[in-house]
Amino acid sequence: MQGREQWATRLGFILAAVGSAVGLGNIWRFSYVLGEGGGFAFLLAYIICIFLIGLPVLLAEITVGRKGQSDAVGSFNKLAPGKWWKLGGILGVLSGTLILSFYGVIAGWVMYYVYSYLTGSAGSVAEGEYGAYFEGFVGSPIAPVFWQVLFMAIVIGVVYFGIKKGIELANRTFMPLLALLVIVLAIYGLTMEGAGEALNFMFAPDFAQLGNMEVWGMAIGQAFFTLSLGMGAMITYASYLPKETKLPSAAGTIVTLDTLFAIFAGLMIFPIVFTFGLDPGDGPGLIFITLPEAFGQWGTGGTIFGLFFFLLVAVAALSSAISLLEVGVSWAMRRFEWSRKKATLTAGIIITAFGVPSALSQGGPLSQEIFGLPFLDLIDTVTDQYTLALGGMITALFVGWGWNKIEVLRETGLQDTTVGALWIWFLRIVAPIGILYIVANNFYNMFLASEESMSYLIIQMINYFL
C-alpha cells in the first residue's frame, strides 16, 4: 500500500477546505433561505449557529481527520476501534454521496445557463418567459441528464489526479477566481438603485422573527450544508494534513472566509432583486428564474452580468463537488484496497447514475412524488434536515465525551487554554443540544406536514389502535 497522500502546503488545504465550504450553499441556497427567513433575522441566526455550533463541530471534524489519517469511517475506527462512534463516519460517507448525487444535477443546470448566456439564447428570452424557459429545460428527458453527466465528468477528472496534482491544483485556480468574481459583482450590485433596500433587508435590526424556530432550523441546516459538516468532507480533507498544521487557526479561517463569501453573495444578488421589484423569498427558483428575469430587463449589461454570475456559481459548485466525491473515493480506496483511479471512476459513475432520478424529477419523466416531494427534494430534505446534523452531532459527542480530553486538546494545541476548555464544553453540551432540538423539530414538522405523507399515515394508525 502507498503512503497516504498529503497537501503540498497548508495554504493548499485552506483553499481546498474553503472551496468545499464555498459552493451552491453560499449562492443558490443561502440566497433563497435568507429571503424565506426574512433577511436580517435569518442572517443573525445563521451567524450565531455558525460560530456556536458550526465552528466547534468543524474543528472537531478536522481534529478527527488529522489524527486518524484515514477516510471518514477509517478515522473513527482508528481512534475508537470496535466502538459505535464510527456511525458518524458512516453517516458522513452516506450524506456526501447522497448530496453529490443531486448537487451534480443542480450544478448541471448552472453549466447550462453559462452555455446559454455564452450562446445568447438566455439573453434573448422574452420578458416573463424565464419560468417557462427553465421548466422546459428541467422537464426535458435528456438535457438535464446531459449537463449533469458533463459536470460530474469534470469532477471525476479532477479527483482522478489525486490531492496535489488534482484537488489542490484546481482549488489554487478556483478560489482566487471566485474571490475576484464575487467581490467585483457585489461592488457592482451596490451601485444599483435597489442597493439601499437590499442593505436594509439584510442588516437592519429586526428581532421579531428570532422566536420563529423555522428560522433557526433553516439557519443550522444552512450552517452544516455550507461548511460541509456531517458529510465526511472535512474529516477526509484533514486526513491529508501533516502533524505540524495548527488546526484552530485553519478552522477559524475556513469559517470566516465562508461566511464572508455568503454575505458578499447576498450583496451581489439582493440589490438586483430589489432594483427590479422581485421577491427575495422566491425560493430555489431565485437564481434560475427570478435573477435571469432581472438580467433580461437589464439589456446587454444584464447578459454580461448573467454570464459572469453563472460562471461564478459553476466554479463554486465544482470546488464543493470535488470534496464530496473525495469522501467516497477515500473510503473506497481503504475499504476495497483500490487504486485512486479505480476508486474515482467507480464511485463517480455510481453517484452519477444515482443522480439521474433527481435530474428527471423536476418535471421530467420521473416527476412522481415520494412522501409529497420530488426525488431531488426528498434527498435534499433527508440530508439537510437529518443525516448531516446527526453525523455532526456524533462527531461533537465523540470529541467531547468519547475521546480522551487531554489527547484531544494536545492534538489541537489548545491544552491549558480557556479556549480549549470552552470548545470541549461547547461540543459536550451546546452543539448537541442545539442540533438535537432542531432535528426533533424537523421530525415534528415532518409529521405535521401533509395528510398524504407516510408520517400522517403512521399517526392515523397509532390513533386507530389506541
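Our subject is the structure that appears above.
Analysis parameters
- Counting restarts for each chain, with residues numbered from 1 along the sequence as it is written.
- Where totals are concerned, whole chains, interfaces and linings use all residues; where local detail is concerned, this predicted model gives features only for residues with pLDDT of at least 70, and gives and counts side-chain atom pairs only at 80 or more.
- Hydrogen atoms and water are omitted, and side-chain values are computed over all heavy atoms in the structure.
- Elements are defined by DSSP. Helices are runs of H or I of four residues or more, strands are runs of E of two residues or more, and each kind is numbered from the N terminus.
- Just to be clear, the radius of gyration here is over C-alpha atoms, and the globule rule we use is 2.2 Å times residues to the power 0.38.
- For each residue, the accessible area found with a 1.4 Å probe, counting protein chains only, is set against the maximum for its type, and the residue is called buried under 20%, exposed over 50%, and partly exposed in between.
- Any two residues whose heavy atoms approach within 4.5 Å at even a single point are treated as in contact.
- Throughout, the Shrake-Rupley method with a 1.4 Å probe supplies accessible areas, and for residues the shown protein chains are the sole cover considered.
- For the purpose of charge, His is not counted, nor are the chain termini; Lys and Arg are scored as positive and Asp and Glu as negative.
- Charge coordinates come from a single atom per side chain, which is NZ of Lys, CZ of Arg, CG of Asp or CD of Glu.
- Each Phe, Tyr or Trp ring, with Trp reduced to its six-membered ring, pairs with another whose centre is within 6.5 Å; inter-plane angles below 30 degrees give stacked pairs, above 60 give edge-to-face pairs, and intermediate values give tilted ones.
- The patches described consist of residues with a relative accessible area above 30% and no salt bridge, like charges being joined within 9 Å and nonpolar side chains (Val, Leu, Ile, Met, Phe, Trp, Tyr) within 5 Å.
- Basic side-chain nitrogens of Lys or Arg form a salt bridge, by our definition, when they fall within 4 Å of a carboxyl oxygen of Asp or Glu.

### Let's talk about the overall build of the protein
Here comes step 1: The helix and strand tally for the protein stands at 19 helices and 0 strands.
Here comes step 2: Computed over C-alpha atoms, the radius of gyration of the protein comes to 22 Å, within 12% of the 23 Å expected from 2.2 N^0.38 for 466 residues, which places it in the range of a compact globule.
Here comes step 3: Counting only C-alpha atoms and orienting by the principal axes, one finds that the protein spans roughly 65 × 60 × 45 Å.
Here comes step 4: Relative to its 466 residues, the protein shows a buried fraction of 57%.
Here comes step 5: Of the contacts formed within the protein by residues at least 6 apart in sequence, a portion of 80% connects residues at least 24 apart.
Here comes step 6: Surface exposure of the protein reaches about 18400 Å², of which carbon and sulfur atoms provide 66%.
Here comes step 7: Of the side chains in the protein, 21 bear a positive and 28 a negative charge, and the two mean positions are spaced by 25 Å.

### Looking at the packing of aromatic side chains
Here comes step 1: The full count for this structure, using the stated rule, is 42 aromatic pairs.
Here comes step 2: Ring centres of Y117 and F295 lie 6.4 Å apart, and the angle between their planes is 75 degrees; on these two criteria the pair is classed as edge-to-face. Highlighted residues: Y117 in helix α5 (residues 86–119) and F295 in helix α13 (residues 290–298), separated in sequence by 178 residues.
Here comes step 3: In this structure F295 comes out as buried when scored by relative accessible area, which is 1%.
Here comes step 4: Their ring planes at 70 degrees and their centres at 6.4 Å tell us that Y130 and Y133 sit as a pair that is edge-to-face. Here Y133 and Y130 lie together in helix α6 (residues 130–138), a separation of 3 residues that amounts to about one turn.
Here comes step 5: Classification of Y130 as buried rests on a relative accessible area of 1%.

### So, the side chain of T236
Here comes step 1: One can find T236 in helix α11 (residues 233–238).
Here comes step 2: Contact partners of T236, with chain neighbours within four places excluded, come to R4, A72, E326, V327 and S330.

### Considerations on the environment of P56
Here comes step 1: Looking at where P56 falls in the secondary structure, it is placed in helix α3 (residues 40–68).
Here comes step 2: On the basis of relative accessible area, P56 is assigned to the buried category, the value being 7%.
Here comes step 3: A C-alpha to C-alpha distance of 20 Å links P56 and S95, two positions 39 residues apart in sequence.

### Regarding a nonpolar patch on the surface
Here comes step 1: Residues I48, L52, W401, W425, I429, V430 and I433 make up a contiguous nonpolar surface patch of about 630 Å² in total accessible area.
Here comes step 2: Counting residues per element, the nonpolar patch draws most heavily on helix α18 (residues 418–449), which supplies 4 residues.
Here comes step 3: In this fold, I48 is placed in helix α3.
Here comes step 4: Looking at I48, the relative accessible area reads 31%, which means it is partly exposed.

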